Amino acid sequence: MESKAPSLLNAVPPYGHVITSEKWRNSSLIQSLKGGGVNILFEKELEQEAATRGKLVRYRHTSSRFQELVLVEKTRLSEQNFSAVQKFVVLDLGLTLLPVSGQTEASQLISQIVHGEGRENPFRRRSSSRLLDPKVLALVQRVPGVGGVKALALLQEFSSVHQLCSAAPHELEPVVGQAAAQQIHSFFHKATAAGP
DNA sequence: TAGTAGAACCG
DNA sequence: CGGTTCTACTA
């Protein structure tokens with residue numbers, strides 16, 4: 001192998017799943033996606049709206065590893081009930097809704113998302129990997145009285161480092177115990193030089 | 001409150 | 001990595 005930049009296309013793991021109606025099987029949208037390492041799932045009943053809603057709810061419950069994405073084609077017809085669709089998909093289901101003007105835009109959008117040009121892949125449900133990062137873990141361990149176990153416990157309990165820094169002792173206590181809770185709190189609130 | 005298992009820290 | 005001190009939990 002030469003020391004070229006790794007091929008983006010070959011590096012794509014099979015994480016993208018697209019669920020679509022049978023009638024799209026031969027469309028240009030699906031054809032252009034097939035070459036890009038995207039898994040296509042065909043469903044026959046996606047053509048009726050009521051069944052589609054059911055499918056959406058089902059997929060929302062079954063898929064835990066992927067974040068679902070709903071693409072709607074904006075036509076004059078669909079614009080009429082777009083508000084209803086938006087409310088159902090975004091508000092009720094908590095999914096991502098992307099309106100596109102047509103198949104070309106949809107294909108470009110999906111390819112861009114799946115191949116993730118430097119950005120995060122929205123198909124992959126974001127985990128709490130940001131806080132479980134070894135860097136952050138090592139940082140928290142710098143606090144006196146906090147080792148590996150308590151650092152992990154703290155990062156699992158608090159959703160951000162900022163929350164951790166500004167936490168009151170009584171919030172820290174159930175996680176790391178009374179002694180460490182006071183140590184941590186005074187560490188973040190101590191005066192650097194002579195106190196007040 | 002005493003004893004023990006485990007965590008943090010230091011050499 | 002091993003030993004010591006300190007902490008958290010249970011009886």
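As shown above, the structure is provided for reference.
All values reported here derive from a predicted model rather than from experimental measurement. (Residues numbered from 1 in each chain as written. Chains lettered and ligands numbered in written order. Predicted model: local features only at pLDDT ≥ 70, side-chain atom pairs only at ≥ 80, totals over all residues. Heavy atoms only, no water.)

Glancing now at helix α4 (residues 82-92). Burial in α4 covers these residues: Phe82, Phe88 and Val89. Take α4 and look down its axis: the buried residues cluster within an arc of 135°, on one side only. Facing away from the buried side of α4, by more than 90 degrees, are the exposed residues Ser83 and Leu91. (Buried < 20%, exposed > 50% of the residue type's maximum accessible area, 1.4 Å probe, protein only. Helix = DSSP H or I, 4+ residues; strand = E, 2+ residues; numbered from the N terminus. Arc of directions from axis to C-beta.)

Let us look at the nonpolar core. Of all hydrophobic cores here, the largest spans 16 residues; its most connected members are Val140, Val146, Leu154, Leu172, Val176 and Ile184. Among the elements of the structure, α6 (134-140), α7 (148-157), α9 (169-176) and α10 (178-189) are those that each provide at least two residues to this core. Leu29, Leu33, Ile40 and Val100 belong to the second largest nonpolar core, which has 8 residues in total. (Core = buried A, V, L, I, M, F, W, Y, C linked by side-chain atoms within 4.5 Å.)

Below, the discussion takes up the protein's contact with DNA strand B. As a matter of local geometry, DNA strand B sits amid Pro144, Gly145, Val146, Gly147, Gly148, Val149 and Lys150. Backbone atoms, meaning sugar and phosphate, form 100% of the atoms of DNA strand B found within 4 Å of the protein. The backbone of Gly147 places a nitrogen or oxygen atom 2.9 Å from a phosphate oxygen of DNA strand B. Here Gly148 contributes a backbone N or O atom positioned 3.3 Å from a phosphate oxygen of DNA strand B. Tallied by class, residues from the surface near DNA strand B come to 3 nonpolar, 3 polar and 1 charged. (Near = heavy atom within 4 Å. Polar contact = N/O pair within 3.5 Å; in protein donor to acceptor, adjacent residues only side chain to side chain. Nonpolar A, V, L, I, M, F, W, Y, C, P; charged D, E, K, R; others polar.)

Note that His189 resides in helix α10. Accessibility expressed as a relative area gives 47% for His189, which makes it partly exposed. For the pair formed by His189 and Ser166, sequence separation is 23 residues and the distance between their alpha carbons is 8.6 Å. From its side chain, His189 meets the backbone oxygen of His185 in a polar contact 2.9 Å long.

Every residue near DNA strand C is listed here: Val176, Gly177, Gln178, Ala179 and Ala180. Val176 places a polar main-chain atom, nitrogen or oxygen, 3.0 Å from a phosphate oxygen of DNA strand C. Sorting elements by how many residues they give to the surface near DNA strand C places α10 first, with 3 residues. Residues of the surface near DNA strand C, tallied by class, amount to 3 nonpolar, 2 polar and no charged.

Looking now at the environment of Gly145. Residue placement: Gly145 occurs in the loop between α6 and α7. Under the relative-accessibility criterion, Gly145 is labelled partly exposed at 40%. Separated by 37 residues in the primary sequence, Gly145 and Gln182 have C-alpha atoms spaced 9.7 Å apart.

We now examine α7. Among the residues of α7, those classed as buried are Ala151, Leu154 and Leu155. Projection of α7 onto a plane perpendicular to its axis shows the buried side chains occupying an angular sector of 95°, all on one side. Exposed residues lying more than 90 degrees from the buried face of α7 are Val149, Gln156 and Glu157. Buried residues along α7 sit in contact with α6, α8 (161-165), α9 and α10. (Contact = heavy atoms within 4.5 Å.)

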